[in-house]
Amino acid sequence: MDEAVWQTTLGEIELTISRASFVTWFKNTRYLDSDGNTVKIGVPNIFAKQQLEVKFSDQINKTLKKNGAKFSEVVYVIDNKAAKIDEATDNVLHAKAPSRPAKGINKVNTTGLNSKYNFETFIVGSGNELAYAACQAIVRSPGVKYNPLFVYGGVGLGKTHLVQAVGNALVEEKPDTRILYISSETFVNDFLDSIRYKKKGFADKYRSVDVLIIDDMQFIGGKEKTQEEFFHTFNALHQANKQIIISSDKPPKSIPTLSERLRSRFEWGMTIDIQAPDFETRCAILQVKANTQGIELDQETVEFLATHFQTNIRELEGALNQLLAFSEMRGVEPNLETATGILNGSRMRPKHVSARNVVEKTAKYFSVDMPDIVGPKRDREVVVPRQIAMYLLRSELHMSFPKVARELGRKDHTTAIHSVDKIEQAIATDSNVRQQVNEIKEKLYA
Ligand code: ADP
Ligand code: MG
């Protein structure tokens, strides 16, 4: 048996299974060797290994034999990419149980990158394959082809994951590359600080990198001075053939109050949208995320969740996590019955808790006055309680983001999305925040 037999086998299997399954489980495999007894196939990660062993082994064995391979067993070996994925798995596990020693909590280093967002854990499907391909091309030769790369798409569709994956891949493959990942909000604040406190080095910091990744560019809308500064940063980097990657929830032409000259710069390179994942991709994502936590879900349950959450991968993931946490706590199977029960339950709002209750209880807990929590103040003592209130409106009352924003006196719903995101991450990594949120919940339901 040789490489060619494996390729033929892959080609035949590809015709019989869904595209998402093929891409997810087979695409990155390779033939290693065989001794007439054992065939060794290299796989990128433990999930692929499990899936191939459990789900596809019959089909693979049959197809191999049909193509003339002689063997008594096929073994799947995690090859060179394995280290990366193990790290990602480690991160997920530690993020769930942060009381364990700090080793491996999602590492965010000076580049601003979070190591859990990598290409290995990113599922490619019809909605994101173009963006994925462009990002891969950038890793191969940054600054050359798609510059700037402008990726846009709805909330929770993987923009942050993908643009960070570029940075993380570069850290591994081209360690000398200077990379900076920031949200445009950070850029705005950093810029305002540099003016307010006459800080030096602002321009240098952003102009001395090889790859600048700016997430959620829509936040720069309306901020004229910052846009001007960014315009100069952009030009300096672009002229020096440095790579610029931008994400946004809308295409350049739809970001309100974006200056004409920035808009035209953004359209210089490649503009790609990410669309909602199709059904098969949603199923693959669920299966991979469950496997990351060491759990194999049956197809029924996967399809049930994939049917209910269609337009936001973050919510899809949230539903899965809820199911797994509930099942573990109650010692029940994470099956269709449990999933149905949870979904029906969580859709119902607790009757005696109103949005106003949530905001008031949160303000009171932190000794912040009501007018301040819904007002314009931006001090940390007010901002964090405000963000937690937003998080609770979402998690407890399932309010829409625009409503959440309005409840806290905000016009722009992306602020609410951002805040809820922040608190979700804080809960996963910071036991203080987790405790605060739990205590407020207790007061709410007392
Ligand atoms: P966005 O920045 O577009 O709002 P994120 O990148 O934060 O979305 O993605 C939301 C969540 O969904 C993250 O946990 C991310 O890892 C996950 N996710 C999104 N797309 C994919 C994908 N294609 N494969 C695996 N996970 C994904
Ligand atoms: Mg994002």
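Keep in mind it's a predicted model, so treat the numbers as computed, not measured. (Residues numbered from 1 in each chain as written. Chains lettered and ligands numbered in written order. Predicted model: local features only at pLDDT ≥ 70, side-chain atom pairs only at ≥ 80, totals over all residues. Heavy atoms only, no water.)

Colleague: I tried to follow the nonpolar core on my own but got confused; where do I start?
Modeller: As a rule of thumb, nonpolar side chains are buried together in soluble globular proteins. In this structure, Trp25, Phe26, Ile41, Leu52, Ile60 and Leu64 are the most contacted members of the largest nonpolar core, which totals 44 residues. With sequence-adjacent residues up to four places away left out, Trp25 is seen in contact with Phe47, Ala48, Gln51, Leu52, Phe56, Gln287, Val288 and Asn291. Core analysis: the second largest hydrophobic core is formed by 31 residues, Val384, Tyr391, Met399 and Leu444 among them. (Core = buried A, V, L, I, M, F, W, Y, C linked by side-chain atoms within 4.5 Å. Buried < 20%, exposed > 50% of the residue type's maximum accessible area, 1.4 Å probe, protein only. Contact = heavy atoms within 4.5 Å.)

Colleague: Teacher, can you tell me more about the side chain of Lys159 here?
Modeller: Residue position: Lys159 is located in helix α7 (residues 159–173). Although Lys159 is buried, it forms no salt bridge, and the closest oppositely charged side chain is Asp216 at an N-O distance of 5.4 Å. At 2.9 Å, the side chain of Lys159 and the backbone oxygen of Gly153 are in polar contact. With sequence-adjacent residues up to four places away left out, Lys159 is seen in contact with Val151, Tyr152, Gly153, Gly154, Ser247, Ser248, Asp249 and Ile274. (Helix = DSSP H or I, 4+ residues; strand = E, 2+ residues; numbered from the N terminus. Lys, Arg positive; Asp, Glu negative; His and termini not counted. Salt bridge = Lys/Arg side-chain N within 4 Å of Asp/Glu carboxyl O. Polar contact = N/O pair within 3.5 Å; in protein donor to acceptor, adjacent residues only side chain to side chain.)

Colleague: Any chance you could explain the packing of helix α1 (residues 3–16) against helix α4 (residues 57–66) here in plain terms?
Modeller: The relative placement of two packed helices comes down to the angle between their axes together with the axis-to-axis distance. At a minimum axis separation of 9 Å, α1 and α4 run at an interaxial angle of 125°. Regarding the angle of α1 to α4, the classification is oblique. Once α1 is placed against α4, the crossing between them reads as right-handed. Mapping the contact onto sequence places Val5, Trp6, Thr9, Glu12, Ile13 and Thr16 in α1 and Gln59, Ile60, Thr63, Leu64 and Lys66 in α4. Of the residues in the contact of α1 with α4, the class split is five nonpolar, four polar and two charged. (Axes fitted to C-alpha atoms, helices over the stretch in contact; angles between N-to-C directions. Parallel < 35°, antiparallel > 145°, perpendicular 65-115°, else oblique. Left-handed = near helix turned anticlockwise from the far one by under 90°. Nonpolar A, V, L, I, M, F, W, Y, C, P; charged D, E, K, R; others polar.)

Colleague: Would you mind going over unusual backbone geometry with me for this structure?
Modeller: Residues apart from glycine generally show negative phi values, whereas peptide bonds are mostly found in trans. For the peptide bond that leads from Asn147 to Pro148, omega is 0°, which places it in the cis range. Note that Pro148 resides in the loop between α6 (129–140) and β4 (149–153). Non-glycine residue Lys198 carries a positive phi angle of around 50°. Turning to its location among the elements, Lys198 is positioned in the loop between α8 (184–196) and α9 (202–207). For Asn241, which is not glycine, the phi torsion reads 55° and is therefore positive. Within the secondary structure, Asn241 is located in the loop between α10 (224–239) and β7 (243–248). According to the relative accessible area criterion, Asn241 is exposed, its value standing at 55%.

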